[in-house]
Every structure is written in C-alpha cells, then in structure tokens.
There are 2 protein chains.
Amino acid sequence: MSEDKNFVKEITNIDDDFAKWYTDIVLKADLADYTDTKGCIAIKPYGYAIWENIQNYLDKKFKEIGVKNAYFPALIPESLLEKEKEHVEGFAPEVAWITEAGGQKLEERYCIRPTSETIISTLYSRWLKSWRDLPFVYNQWCNVLRWEKETRPFLRSREFLWQEGHTIHETEEEAKELTLKILEIYADAIENLLAIPVIKGRKTKSEQFAGADATYTVETMMYDGRALQSGTSHYFGQNFTKPFEIKFQNREGKEEYAYQTSWGASTRLIGGIIMAHGDDRGLKLPPNVAPIQVVIVPIAMHKDGVKEKATEIYEELKKKYRIDIDLREQFTPGYKFSDWEMRGIPLRIEIGPRDIENGQCILVRRDIAEKVTVKLEQLDVTIEKTLEEIQKNMYEVCKNRMKEKTTTAVTLDEFVENMTKNQGFIKSMWCGEEACEDRIKELTGAKSRCMPYSQENISDKCVCCGKPADKMVIWARQY
Amino acid sequence: MSEDKNFVKEITNIDDDFAKWYTDIVLKADLADYTDTKGCIAIKPYGYAIWENIQNYLDKKFKEIGVKNAYFPALIPESLLEKEKEHVEGFAPEVAWITEAGGQKLEERYCIRPTSETIISTLYSRWLKSWRDLPFVYNQWCNVLRWEKETRPFLRSREFLWQEGHTIHETEEEAKELTLKILEIYADAIENLLAIPVIKGRKTKSEQFAGADATYTVETMMYDGRALQSGTSHYFGQNFTKPFEIKFQNREGKEEYAYQTSWGASTRLIGGIIMAHGDDRGLKLPPNVAPIQVVIVPIAMHKDGVKEKATEIYEELKKKYRIDIDLREQFTPGYKFSDWEMRGIPLRIEIGPRDIENGQCILVRRDIAEKVTVKLEQLDVTIEKTLEEIQKNMYEVCKNRMKEKTTTAVTLDEFVENMTKNQGFIKSMWCGEEACEDRIKELTGAKSRCMPYSQENISDKCVCCGKPADKMVIWARQY
C-alpha cells in the first residue's frame, strides 16, 4: 500500500452518488466483501463485531423479559411451507430448494428457511398440551435465505443473519402485549445503541407480514431521506395456530387455539448505521456500538519513549474502553488518521514527544472533527464524557435531519412536490384503500411506511382520493 | 400430567440399553426433539442454554488469543468445493444441493456448507497481499449440513451447530503452533467446563480430516467405554493455499503460499455431557455448564410464609447463581424432586415450615444424592463450596472410569479379549500401516482414536502384524 493513499479521494462523494458511496464504505471500511456465491456477502471481522454488539444488547433485553433461545432446523419440508395460504404466497417465490442430497434425488424438496413460522409452529403444536405450558417465548439467532433479484450488502442479501422470535400465548391480550413490548426493545436498541431515532407504528395491510393480523415496525430515516424498516413485530392471532393445530386445554377444560407472534431484526441494521451516520470521510460509528471506541496513534513513533508511553496509556484505558493502538511502522500518522476516520472510530488520541513532555495528548472527535488538548491525568474522565457527547450528538444530527426532511401534505400535488423537492418522510391522511397506496407509489415511488403511534389530525380527507380519512400515514421511498 | 408420574420408570435402564437410555434423556430432559425435517433436531431452550454456556466459554478463550469472529456464506458453488481433491472426496458424498431458487433452475448447483474451507479460502486468496496482513485468525459460529444416513440427536445430526476457525499464517511454525494452542483451549473447556477428562493426541492418517496434513483431537470416554471425538484442530500446510492461490509477498519480497489451519467443536459436546455423566435418574450436569445450578423446591407451599421465605432466598441467591424456584401448584414435592433430578440440576434446596422455624434448609446433591441440613446464614458459602465439589467429583468419576476401562494389549488376541470383556480404550503399539487399522476394526469394531501426546513404550511390535512399531495408539469403539 502506498503511504500517500488518500482515503477520502477513494470514496465516492456522498451527495454525488449515495448508492455508490454506500458500497465504497462497506468495502473500504472492511465491513464485508462480495463472494463467489451470488448475492451473498462475507461479513468481515470488523462488520461482524458490530453485529456482535447488537446481538449482545438485544439478547440481554430479550432475556430480561423472559425470552429463551432455541434452535430449529434450517430446512423446511415443502409440505409444511404450504400450510398457511398467505404465508406461502408471500415467501414461495423467493425460496431456494434442496432437491438432491447424499447422492440421491429427494422425494420431497426442502427449502432453506426464509423465516421459520412453519417449522416452529409444527413443533409448538406437538409441545403444547395445557394452558399451564404457556407461554412459549422462544427466539433463535440464525441465518435465513431469500432469493432476492437485486441485492445490496447488508440491506438486501440473499443470505442474512437475524434473530427471529416466535411466541404463543393463552390469550389475545397477552400476545398483543408481547408484540408491542418487543417493538419497544427494538426502538430502544436502535435509538440508544445505534443512535438513530425511530418512528414506531403499525403497517398498513398491504405492507403487513405474509400471514399476520398486524405488523408493527420501527422506521428510521437514512442520510438521503429514504426509510429503512429496522425491525418488525407481528401479531398473528390464530392465523397459524389453526392450520398448524396449536391448541391447548384452557382453564375451563376446553380446547382452544393459541395466540401467536413473531418478530425479527437483522444484519440490515448495519446498513442502517452506515447510511444514517456516514459522511465523505467514511463510516461514522456511535460509541455504544463501535467495536473500537478509541484509537491511539503515536506521533514520531521512532523517538525515544513515544511507543512506550502510548502503550502504557493503551494498557490503562483498555480496562475500560474498547480501544486499539496503531503501531504500524509502514504508515505515516496522516495515513493512519484517514484510515481510522474511514473506519468510523469515534475518538482518536494523538500523542507525540512534545505532548509527552507536557503531560498531555490530543483528542480528536470523529463526529465533528474537533481537536482538544487534554492533560493525561484528565484523559479517562474526558474520554468517558466525550464518548457520551458523541453518542448524543450523532443521535441529534439524525433527529434534526428527520425533522428537516419530514413534511406534511394535504393534497396529492403537494405530496408530489414535497417528495421531489425534499426527499424524506411525508405525513398524510389516508382513507384505508390499497388503491390509494398504489397510486402514490406509482406517482412518487413512496410507500406507506407505517401508521405511527403518534397520530396527528392533518386534515379529514385522504391525500390521494379525497374521501374521508382518519388515519395519518408516514410515506417514504425505502430501502 | 399425572402427579404420580415416575420419571425413573420412564427412563430405560442405563445398563440395559444405553442407546435407548440416551434418547430417553434427550427427549425427557427437554434438551431437543425430533422434527419433520428428517435427521434434523430442534434444540429446545434447555439444551440450547447449555450450548450458549459452551459458546461463551470458548468464545472468550478464542478472543483472548486474538481470534476474531466473522461470517461466510452458507452456500458454496459446486466448482469451489471441487478445488481440493481429497477434500471433495471426503465431503461430496454427504452434501445437500440447491438446484432451484427464486422460481428457476440454477445454472450452477450450490451445496450447503458441510464445512467452509473452500469458500473461506477463496476469500482469503483475495484479501491477502503482503506478509504484513498476516495472520488471518477468523472463526464463525454457524450451522452446517452433512447428509448422514444414520442420525442421533446431538451426536450425528444432518444439520448441527458448531464453530469453525480458519486461519492462515506467514510460517509453518506459527500455523502449527496455533493448531496446538486451539487444541489446548478445547481440552481446557471440556475438562473444566464439562468436567470430562480428555486424551490429547494426533489422528492417524486414515482418520485425518479430508485435505489435512495433520489432525489433532481431544478424545473423551463415555459411560459405556466408547470414545467421543470432542474437538479437532487441523494443520493443512499449503494443501489448500496452493489450489486456492492464497499467496503473499514475503519479507524477502518473494511470492509465497500461506500456511493454513482449521478447527471445530460442535453441539455434539452436549451429547458428550449426557453420555459421560448421566445415570438412571436422568441427566447430570456439571455446575459450570448447567443452565440452572440450583433449584429451590418449597415444601408445604400453601402454609403461611413458605412461598415468601423461599422466594426471598431465591431473590438473594439469584445475584450470584443460575437458580430457579419451583412454585408449580399442580405438582407434589416428590414429583418436583424427580423432575429436577431428571433435568440434571446439580443442587436442590428443599425448604418447608419446620425448616423456616429452625432457620435452615436441606441441600441435596444430584451427583451423589447426599442430603445435608444447612443453616440459612451458611447457605451462600455452602452452595459455593458444594458446587465446586460437585464439579470436581464429576470429573473424578469420569477420570476413574477412564482408568478402569483403559487397558493395554500387546497381542491381537489380548486386544480382542480386552475389548470383549471391558469395552473401553486400548493402548497398543502400531506399525503405521492402514491395513492393521482395518484388520483391528474388522475384528473388534475399534478404530484408532489418536496417537496420544503421552506416549508409552508398551512393546516394540505392532499389536496387529507384529512388525516393528514405535507409535502407541489409543483404540476404541466410537460415537
């Protein structure tokens, strides 16, 4: 590698071509790479470490409300997939089929799970006897496969990693409550770990999960104003428990079908982090989810005592922070600065001979490029405070962007104009008809993202057809 | 469920039919269940919690020596699998093929990974440029698929969970060192977490991993004297790096092929725990890996203050131990005792009205069924000490069994007699010829398990052919 390599020059300008910028970051920040398996990526250690932090956070929150992890087969017999009509229609077109195995053609094809409602429902049906057994609140961390035509790293990969929770309950109320509780966990993780504000809401019927009674979602806004669906939680009612015969003897001794939910969040969240926070200098990671929160770059490393002092600081801070030290001999400090900025490390410590003499170092924030000189005895408290500030500031930047790029529209003309001038979220009233959703999509490319929890009474007419409307919908173009 | 249900009666006697006993435990202790996907199990929450404890332990140890987690595609194009001759011969017969996806027949078939050397090597080849990039020490936690004809839960499942580490290095020495270092991690986890003594050694050529130069293994002995291969670490030399062109510019500026390793441990370890420790009353879990270390069963629960006191103790101990409290109204204490014994909980606390009066409780060990009365103020320290003792004792029981069931044989007659009379491990000298391994297998069903690190000079002749021999091999029937 050349010492003068200019990382910024290698990255497409974010405002010139956001899609190309995105791919540049994925590859150059070492998050993932393309593979010989078309449409599937390899998640490199740096990208995977982000996923591990997301996993740990969610897994802990899930366990706090009683979720237990389990593991179900990745292969689903064709006959099982077909048991719920809407579900099979939703997923069959994009599944991959195993037709041969162990040197023989199979009698029945297996698909690789695109999601696991069917295989899990079959087992729940076998395991459930009495109301005393309920609820089952199980989750699995696994890979799934959906044969997408157009793929993009993290955002839409044929294989991706996720968690899928599947629960059954004694009552409708309990199941619905769990559905919403999970949505709160997703919202909390995305806001507090990933520093991205969310809009919580319910999907319109046309955007619901195949087979669900209700789908709840957390929607986030990316740099370019498009929406990213970042986690969904579904209430199924008895739609699966009836065909799969998941029934139990209730408290009255009568047979009853259980009430079901499922919910998932995936590695697409990594795509969300990239697109919500990144800039022309590369990735920008919120401290709470960053695999490396602080990096130390010694200056004039060959000079007496510099490496030693830097290493001493590193060893001390390592006890508390996720930290790295860059002792690579072949690169200049300038190269290293750009390299770590490109990788999105929230905070950089620069320390050279003169700093050491003065008992200080330089602290550089990735989010606002601010440089401050800090006395070494103040370093620990300053880092702690600064990381908190960065986390908060990154959230605020996204929050402000969402504010600026969210408009209201009362008429269709206004809707089209808003979306053209300022691509983002549009709040509009909707009559409930799918035809209006189709028309808006045709005209603007925007889809209904959700009926947000926080409803506003913008007008009393549908933005599209003008008929009476009492639901406010958030519309946006989407990833 | 009936209140009189006798768990012990429901479990096949361990000495009557060990295979059936094993399946009984898997199902009745709620570890796993069969599914509609032939040869694949669902790992239930209780079984999965054991796996999570194994994962956490290994993952921490791996990270301590610099291993980084990553994720590679589950689908491998057929052309890739075929690049290394021995490897494809070893795995092709048992792979499953995806031939159709997204509604179309595929131009090239994909197999589901039976192991990931090929797909990872392709990427390593692309990522590696200079000696400065080395080593790559990456691992993935994932599912793999091998189309076995005969399957058994945990021990031999078509789909199973594992970790597979794949590394490349600048020098042969460094790669070999890593191979052995990993074996030490497996040995440590199996001995200290699972309380099962191991024998460390190298596989004979016929038992090596397909494509490896050397395979190292940790072998354990089960209740019936059979061996379980519990973790393997392979040194590949340049066997894959040459066909996959994983090369780098070395310190002298010349092109060189890297040196490679891979290593794995899987959910079959759960099978090992069951078969090494279980008894006629069910599963028996070592405290260090038990999802529940202590269970509290209140006696005469309806009596004033019993539930409250038991719950108070539970809340206090919860801060330190993995603990559960059994407040089920529909079961008698006797039923609960058997139930928790069957599930292998190391320690049970019984507490009733009279105990509360006397400020004490009863502590019952699962491993030796010993009951002691403990003053409540001594409870915490007693539990800590007792859990340590149980862990140690369970290890000792296995160690003694291994000692009793390990014999030496100098002649083939002696070998056959030993294996017939006392199925277990046999130490014998071996000339190095595969023909002798085949003959021994034919005669006794025993295979070479490994050439242990601790060699003994039993004789100077091969136990089978009588020719000069300087290697001591451990032989056993295996799972």
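Shown above is the structure to which this text applies.
A brief structural summary. By convention here, each chain's residues receive numbers from 1 onward along its written sequence. The naming scheme follows written order: chains are lettered A onward, ligands numbered 1 onward. Owing to the predicted nature of the model, reporting of local features is limited to residues with pLDDT of at least 70; listing and counting of side-chain atom pairs is limited to 80 or more, with chain, interface and lining totals taken over all residues. Side-chain numbers here rest on the full set of heavy atoms in the structure, without hydrogens or water.

Quick word on the side chain of B:Asn139
Residue and element names in this part refer to chain B.
Stage number 1. Segments assigned H or I by DSSP are reported as helices when at least four residues long, segments assigned E as strands when at least two residues long, and all are numbered from the N terminus. Tracing the sequence through the fold places Asn139 in strand β7 (residues 136–145).
Stage number 2. Taking the relative accessible area as the measure of exposure, Asn139 reaches 1% and is therefore buried.
Stage number 3. Within polar-contact distance, the side chain of Asn139 engages the side chain of Asn69 at 3.0 Å.
Stage number 4. At a separation of 3.4 Å, a polar atom in the side chain of Asn139 contacts the main-chain amide nitrogen of Gly165.
Stage number 5. Among all residues touching Asn139, those that are not within four sequence positions of it are Phe62, Val67, Lys68, Asn69, Ala70, Gln163, Glu164, Gly165 and Trp263. Exposure classes here rest on a 1.4 Å probe applied to the protein chains alone. A residue is buried below 20% of its type maximum, exposed above 50%, and partly exposed in between. Under the rule applied, a polar contact is a pair of N or O atoms within 3.5 Å (in protein, one hydrogen donor and one hydrogen acceptor; residues adjacent in sequence only if both atoms are side-chain atoms). Contacts are residue-level and defined by heavy atoms, with any inter-residue pair within 4.5 Å sufficient.

Looking at the packing of helix α3 (residues 45–64) of chain A against helix α8 (residues 268–277) of chain A
Residues and elements named next belong to chain A.
Stage number 1. Running from amino to carboxyl end, α3 crosses α8 at an angle of 110°, the nearest separation of the two axes being 10 Å. Compared by their axis directions, α3 and α8 come out roughly perpendicular. Contacts from Gly47, Ile50, Trp51 and Ile54 of α3 reach α8 at Leu269, Ile270 and Ile273.
Stage number 2. The residue inventory of the contact of α3 with α8, partitioned by class, reads six nonpolar, one polar and no charged. Note on definitions: angles span 0 to 180 degrees between N-to-C directions of axes, and those axes are lines fitted to C-alpha atoms, for helices only across the stretch in contact. By definition in this entry, angles of less than 35 degrees are roughly parallel, angles greater than 145 are roughly antiparallel, angles of 65 to 115 are roughly perpendicular, and the rest are oblique. Just so you know the grouping, Ala, Val, Leu, Ile, Met, Phe, Trp, Tyr, Cys and Pro go in nonpolar, Asp, Glu, Lys and Arg go in charged, and all remaining residues, Gly too, go in polar.

Describing the relation of the copies chain B and chain A
Stage number 1. Overlaid copies result from least-squares superposition on C-alpha atoms, with residues included only where pLDDT is at least 70 in both. Between chain B and chain A, which share one sequence, the superposing operator has a rotation angle of 180° and an axial displacement of 0.0 Å; the RMSD is 0.0 Å. On this basis, the relationship between the two copies can be described by a two-fold rotation axis. In terms of proximity to the rotation axis, the leading residue of chain B is B:Ile98, whose C-alpha is 2.1 Å off the axis.

Notes on empty space enclosed by the protein
Stage number 1. Detection works on a 1 Å grid of protein atoms alone, calling trapped sets that fit a 1.4 Å probe cavities and calling open sets with protein on both sides within 12 Å along at least five of seven lines pockets, with lining residues defined by an atom within 4 Å of a point. Grid points are joined across faces, edges and corners, and a volume is the space filled by probe spheres set on the points. One pass over the full model with this rule turns up four cavities of 30 Å³ or more.
Stage number 2. There is about 90 Å³ of room inside the largest cavity.
Stage number 3. Every residue lining the largest cavity is counted, 13 residues in all, and those nearest its centre are A:Ile112, A:Asn143, B:Ala74, B:Ile112 and B:Asn143.
Stage number 4. Counting only elements with at least two residues in the lining of the largest cavity, the list comes to β7 (136–145) of chain A together with β7 of chain B.
Stage number 5. Looking at the lining of the largest cavity element by element, the count peaks at three residues for β7(B).
Stage number 6. Residues belonging to the lining of the largest cavity are distributed by class as follows: nine nonpolar, two polar and two charged.

Things to note about the sheet that holds strand β18 (residues 360–365) of chain A
Residue and element names in this part refer to chain A.
Stage number 1. Strands are labelled as partners when DSSP assigns at least two bridges between them. With mixed pairing, the five strands of this open sheet are ordered in space as β16-β15-β17-β18-β19. Strands at the two margins of the open sheet, each flanked by one partner only, are β16 (323–325) and β19 (371–375). The mean angle between the axes of side-by-side strands here comes to 25°, regardless of whether they run parallel or antiparallel.
Stage number 2. Where strand β17 (residues 347–351) lies against β18, four bridges are found, and the strand directions are antiparallel. Bridge pairing in β18 places Arg348 opposite Val364.
Stage number 3. Here helix α10 (residues 333–342) sits on the sheet and contacts β15 (294–298), β16 and β17; the angle it forms with β15, its principal contact strand, is near 170°.
Stage number 4. Sitting on the sheet, helix α12 (residues 379–404) is in contact with β15, β17, β18 and β19, with an inclination near 10° to β18.

Considering the pairing of strand β19 (residues 371–375) of chain B
Stage number 1. Judged from the five bridges that link them, strand β18 (residues 360–365) of chain B and β19(B) form a sheet pairing that is antiparallel. Considered in β19(B), the bridge of B:Val364 is made with B:Lys371.

Notes on the side chain of A:His87
All names here are of chain A.
Stage number 1. Within the element layout of this structure, His87 appears in helix α5 (residues 85–91).
Stage number 2. In this structure the side chain of His87 is engaged in a polar contact, spanning 3.3 Å, whose partner is the backbone oxygen of Ala210.
Stage number 3. Those residues within four positions of His87 in sequence are excluded, and the remaining contacts are Leu81, Thr115, Glu117, Thr118, Phe209, Ala210, Gly211 and Phe240.

Some thoughts on the interface of chain B and chain A
Stage number 1. Contact with chain B, which involves 56 residues of that partner, is made by 56 residues of chain A.
Stage number 2. Each reported salt bridge corresponds to a side-chain nitrogen of Lys or Arg within 4 Å of a carboxyl oxygen of Asp or Glu. If you look at where chain B meets chain A, you find eight salt bridges.
Stage number 3. The tally of links between chain B and chain A comes to 32 residue pairs in polar contact (both at pLDDT 80 or more).
Stage number 4. Element by element, the count of residues in the side of chain B that touches chain A is highest for strand β5 (residues 96–101) of chain B, at six residues.
Stage number 5. Residue composition of the side of chain B that touches chain A, by class: 32 nonpolar, nine polar and 15 charged.
Stage number 6. Alignment of strand β5 (residues 96–101) of chain A against β5(B), held across five bridges, turns out to be antiparallel. Bridging from a neighbouring strand, A:Ala96 pairs with B:Ala101 of β5(B).

Quick notes on the packing of aromatic side chains
All names here are of chain A.
Stage number 1. For Phe, Tyr and Trp, rings pair up if their centres lie within 6.5 Å, where Trp contributes its six-membered ring, and each pair is then called stacked (planes under 30 degrees apart), edge-to-face (over 60) or tilted (otherwise). Enumeration over the complete set of coordinates arrives at 36 aromatic pairs over all chains.
Stage number 2. Residues Tyr124 and Phe136 carry aromatic rings whose centres are separated by 5.1 Å and whose planes lie at 70° to one another, so their mutual orientation is edge-to-face. A residue pair is termed long-range when its members are at least 10 positions apart, and Tyr124 in helix α6 (residues 117–127) and Phe136 in strand β7 qualify at twelve residues.
Stage number 3. Residue classification places Tyr124 among the buried positions, given a relative accessible area of 0%.
Stage number 4. Pairwise contacts between aromatic rings join Phe72, Tyr124, Trp127, Phe136 and Tyr138 into one cluster.

Digging into the pairing of strand β10 (residues 214–221) of chain B
Successive residues of a regular strand alternate their side chains across the two faces of the sheet.
Residue and element names in this part refer to chain B.
Stage number 1. Among the eight residues in β10, eight count as buried, and that is most of the element.
Stage number 2. Every second residue of β10 is oriented toward a common face, with Ala214, Tyr216, Val218 and Thr220 on one face and Thr215, Thr217, Glu219 and Met221 on the other, all of them buried.
Stage number 3. Sheet topology note: the strand β9 (residues 199–202)/β10 ladder contains four bridges and is antiparallel. Looking at the pairing, Lys200 lines up with Val218 of β10.
Stage number 4. Inspection of the sheet shows β10 paired to strand β11 (residues 227–237) by eight bridges, in the antiparallel sense. The residue of β11 that forms the bridge with Glu219 is Gln229.
Stage number 5. In this structure, the hairpin formed by β10 and β11 is closed by a connection of five residues, where Gly225 is found at a positive phi of approximately 90°.

Topic: the pattern of salt bridges
All names here are of chain A.
Stage number 1. Counting across every chain of the model gives 94 salt bridges over all chains.
Stage number 2. Among the salt bridges present, the one from Lys200 reaches Glu184, with a minimum N-O distance of 3.0 Å. Highlighted residues: Lys200 in strand β9 (residues 199–202) and Glu184 in helix α7 (residues 172–193), separated in sequence by 16 residues.
Stage number 3. Here Arg328 makes a salt bridge to Asp326, at a shortest N to O gap of 3.0 Å.
Stage number 4. For Arg328, a relative accessible area of 26% translates into the label partly exposed.
Stage number 5. On the accessibility criterion, Asp326 (2% relative accessible area) is buried.

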